[in-house]
Amino acid sequence: MSCSATQQAKEEIVINLQERGADIAPSMYGVFFEEINHAGDGGLYAELVQNRSFEEKEMPAGFHAEGNRLLPKPVKYHLTGEVRNRSYRWNTAEVPAWSLQRKDSLAAQMKVTEESPKFKTAPHNLKLFIKDASQPVRLLNEGYWGMNIVKGGNYFLRSIIRTSEDYHGTVSVKLLSEDGTVLASEILDITTDGQWNDVRETLTAVGQDTRARLALEFDAPGTIWVDYVSLFPENTFNNRPNGLRRDVADMLVGLRPSFFRWPGGCVVEGITLDNRFEWKKTLGDPAARPGEYSTWGYRCSYGFGYYEMLQFCEDIGAKAMYVCNVGLGCQFRMGDACPENEIAFYMDDCMDAIEYALGDETTEWGARRAADGHPAPFPLQYVEIGNENWGPEYDRRFDMFYKAIKEKYPELILIYNEMPQREGPSAIAKTDMIDPHWYVDPYFFFRNTTLFDSYERGKYHVYVGEYACNRSVGAGNMLAALSEAAFIGGMERNGDLVTMASYAPLFENCHDRSWETNLIWIDTDQVLGRSSYYVQKMSAENCPTYNVKSNITMHDVEPEWFDKGYIGFGAASATVRFKDIKVTRNGVSEMPDMSGFVFKDGEWEVDEASGSLSVAKGKQILLQEPYGGDFVLECKVYKTEGTQGFQFFLGMSADGKTGYRYNIGMWSSNDRSELLNLKNGKERGVLAEYSGEAIKKGEWYDVKIVVSPLKSEFYLNGKQILSYVPQPMPLQFINSGYDEAVGELVVKVVNAADSLYCTSICLENAVDIVAEGKVISLTAVDGKEENSFEEPKKIYPEEKIFDGFGAKFDYDFPPFSYTVLRIKAKPLSDSY
Ligand code: AHR
């Protein structure tokens, strides 16, 4: 249905081609890589064998396992001195990813050992005792949820293997389909003199399967030690050895990244410093790399190492960004800090990393790079000092690192971690850039497209190093993508300040989603871009040289006020008591009516006489009398047990599903608080956030909530920690710019509403306007839609020619769409 048919009013958009806005930096769009969700191993990195070096059961120093949980070494969180109680995923399999196929369980057995290690740095190997080989014994590797073997494809095997001298059989390698059909088979050329063999073989597949496995097959009794088994497709990106999956790398190339951030992310810091990502250990022979237990719950091989990352940057024309550790463990995990006398070690390590990329062959690490195969320097341009660190210790260390790196490498751009809601860059001497992160719901992005308009200019640039809409959008749907498109529009408009941005996380292997929303999904044989991927791609492909101003950047709608509704109490993962509850209206304070409740979920003890309540974990209760207008709710709260804090409800519907909820003391750290909007039982946006003191057990807290239709304020022990004035919720956004390379005006429009966005667009001070031009649009039937492996291109940019452009033209933007108009035209001053 068109706008004229529905007689909808048109929004007048005026774009003045002579009104030049900020330039948009060519560095704007980049990518952020981290070993999370098997993004590297089982993702971008083309290795097909999982646990190829048998190092996967190695724990970080001082850690131990209890069942399927890994418990870190007890270290003090450096900001508070507390030792946090944390545990992480642990694989209980004796030899992860490997199994034996034999006549019966007595015929052959396997065990991980450190006997006569081939490499000291990766000392484990698998010892096989074969007693009965009357039926061949197969050592099977399942790959990363299978291996994709393609008929006619060549696969490069490398195995480091040793047999006892009394082994008189052969060793062959086989690729097997899931049902056991042999897809390829070769006999390995090994000596059976007890020495290590480092053998290579090419296998050509005669059949195919996306869930294939690899087998080493033995046909005689004896003892075998297997140190390493690796299998790569011949067809890697740019045909690099130890390379990357071509289809996955091509998806990145499709984003035209100007930079590549590596290695993270939390892996930079580690659960404790003991398992931080160590770039030096990622160099050299892949068989000798020890790998590390990733903070995300599995051991990574270090196969996609520093060299491979730098090579990839060079291959795709991106600048590399290295993120260094400043001697701090992850502050969302254990948060340890190395002692003062060890800071120099971390600084040297960072300097060495820079030298490895940039130093000439006369330098120690430049020579190492040359020895690794690349005499010329690599394109390293950015160093981020720490990842998601904050607090006085981080700030102090940042200053030390900044000074040392700048002195030696003034050309490098150095980046400070800015944690919104915490101390900002005012605490440090100087930085080139700050890196704030946002993981939010769609309504945050819709409401905050002007966030950067008021940022201070002149001191540093902004790199939005991690951002994604990942709350209340499932695994990421079209509404998420549209909200990101709107936020990106705000970044582009502020291109003088925001010069770089990267979505996060980048990848997930679809069998290991440990972060709920990721840009690109990977299976053995498929790579899928979510709608957010196409927003990134369209934004990067249509990045103008400079902004062109328009009369409006968003379509305002009426704010939603705090309205009349029910008030209530609740607790998330905690048991809480509330007492001395009173409500003050028109200067009169009274205990509310607690003789009944409009909504009650869970076991509550109510003491009507004293106005007190206690609540079971995760439940809520709404008082029976509605409150509206101006009022103040006060009480005392006490947490008896549990991991999180308490909740208050305002303006709620009687079914407890729509209204507002204050969450106080969230996360296991208990130090986050927020005001949430709820609609029909679903979170519809975080309206205000606070990070501060943790809510402790066994203490009474004074709570006061001041409410009016236009505002709500939350006070904890007399301090205002949250406040919110209802804001308009725009769902339509416009930004425009000029692409000097091709002489085109680029207009980007987000319509996140479920109706047409009817516009009349007027191009002022524009000449030589060509009526025919390109329109690229990403649309969905509704905001909940998403791509899937079954329908990978359900939401996909469609390109068409529009022949109605002119000084004034109408355009109807479909519901749930992101559209780019490319109009050939010149600014008046250029030609006259
Ligand atoms: O992108 C996932 C994680 O989010 C990153 O590791 C970390 O930097 C942030 O908290």
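Look above for the structure.
Residues numbered from 1 in each chain as written. Predicted model: local features only at pLDDT ≥ 70, side-chain atom pairs only at ≥ 80, totals over all residues. Heavy atoms only, no water.

Once that is clear, we can look at the packing of helix H4 (residues 343-358) against helix H6 (residues 392-408). Relative orientation of the contacting elements H4 and H6 amounts to 40 degrees, with a least axis distance of 11 Å. In terms of axis orientation, H4 runs oblique to H6. The hand of the H4/H6 crossing is right-handed. Between H4 and H6, the residues in contact are Ile343, Tyr346, Met347, Cys350, Met351, Ile354 and Glu355 and Glu393, Arg396, Arg397, Met400, Phe401, Ala404, Ile405 and Lys408, respectively. Considering only residue class, the contact of H4 with H6 consists of 10 nonpolar, no polar and 5 charged. (Axes fitted to C-alpha atoms, helices over the stretch in contact; angles between N-to-C directions. Helix = DSSP H or I, 4+ residues; strand = E, 2+ residues; numbered from the N terminus. Parallel < 35°, antiparallel > 145°, perpendicular 65-115°, else oblique. Left-handed = near helix turned anticlockwise from the far one by under 90°. Contact = heavy atoms within 4.5 Å. Nonpolar A, V, L, I, M, F, W, Y, C, P; charged D, E, K, R; others polar.)

Read across the sheet, 7 strands follow the order S35-S38-S32-S40-S41-S42-S43 without closing on themselves; strand pairing throughout is antiparallel. Taken across any chain shown, the strands that pair with only one partner, and hence form the sheet edges, are strand S35 (597-601) and strand S43 (682-691). Neighbour-to-neighbour, the strand axes of the sheet open up by a mean angle of 15 degrees, direction not taken into account. Relative to S43, strand S42 (residues 672-679) is paired through 7 bridges, and the arrangement is antiparallel. Paired with arginine 672 across the bridge in S43 is serine 691. (Pairing = 2+ DSSP bridges.)

Over its 16 residues, helix H8 (residues 478-493) runs 23 Å from end to end, which matches the ideal 22 Å to within 8%, given 1.5 Å per residue. When you tally the buried positions in H8, you get 15 out of 16 residues, the bulk of the element. The backbone nitrogen of leucine 479 has a side-chain oxygen 3.1 Å away, supplied by the residue at the start of H8, namely asparagine 477. (Expected span 1.5 Å × (residues − 1). Buried < 20%, exposed > 50% of the residue type's maximum accessible area, 1.4 Å probe, protein only. Polar contact = N/O pair within 3.5 Å; in protein donor to acceptor, adjacent residues only side chain to side chain.)

What follows is about the state of the cysteines. Under the defined criterion, the tally for this structure stands at 0 disulfides. Just so you know, cysteine 266 is unpaired, no disulfide at all, and the nearest cysteine sulfur is the one on cysteine 330, 4.1 Å from it. (Disulfide = S-S within 2.5 Å.)

A separate point is the site of the ligand. In the vicinity of the ligand there are 13 residues, among which Glu34, Cys266, Glu388, Tyr439 and Glu466 approach most closely. A distance of 2.5 Å separates an oxygen atom of the ligand from a polar atom in the side chain of glutamate 388. About the coverage of the ligand: the protein hides 96% of its 280 Å² of free accessible area. Classifying every residue of the shell around the ligand by side-chain character gives 8 nonpolar, 2 polar and 3 charged. (Near = heavy atom within 4 Å. Areas by Shrake-Rupley, 256 points an atom, 1.4 Å probe, with all protein chains shown as cover.)

Our focus in this paragraph is helix H5 (residues 364-371). For H5, the complete set of buried residues consists of Trp365, Gly366, Arg369 and Ala370. Summarising the axial view, the buried residues of H5 lie within an arc of 150 degrees, below the 170-degree limit, and thus occupy one face. Exposed residues lying more than 90 degrees from the buried face of H5 are Glu364 and Ala371. Following H5 by one or two positions, glycine 373 has its phi on the positive side, about 120 degrees. (Arc of directions from axis to C-beta.)

This paragraph deals with the packing of H8 against helix H9 (residues 531-541). Running from N to C, H8 and H9 point in directions that differ by 25 degrees, and their axes come no closer than 8 Å. The angle between H8 and H9 places the two elements in the roughly parallel class. Crossing angle aside, the handedness with which H8 passes H9 is right-handed. On H9, the residues that touch Met478, Ala480, Ala481, Glu484, Ala485, Ile488 and Glu492 of H8 are Ser531, Ser532, Val535, Gln536 and Ser539. Broken down by class, the residue content of the contact of H8 with H9 amounts to 6 nonpolar, 4 polar and 2 charged.

Moving on to unusual backbone geometry. For the peptide bond that leads from glycine 264 to glycine 265, omega is 10 degrees, which places it in the cis range. Here glycine 265 lies in the loop between strand S17 (259-262) and strand S18 (292-293). With an omega of -20 degrees, the peptide bond running from alanine 504 to proline 505 counts as cis. Examined against the element boundaries, proline 505 turns out to sit in the loop between strand S26 (498-503) and strand S27 (507-509). Positive phi outside glycine occurs at histidine 38, with the angle close to 55 degrees. With respect to the helices, strands and loops of the structure, histidine 38 is situated in the loop between strand S2 (31-32) and strand S3 (64-66). Given the relative accessible area of 5%, histidine 38 is considered buried.

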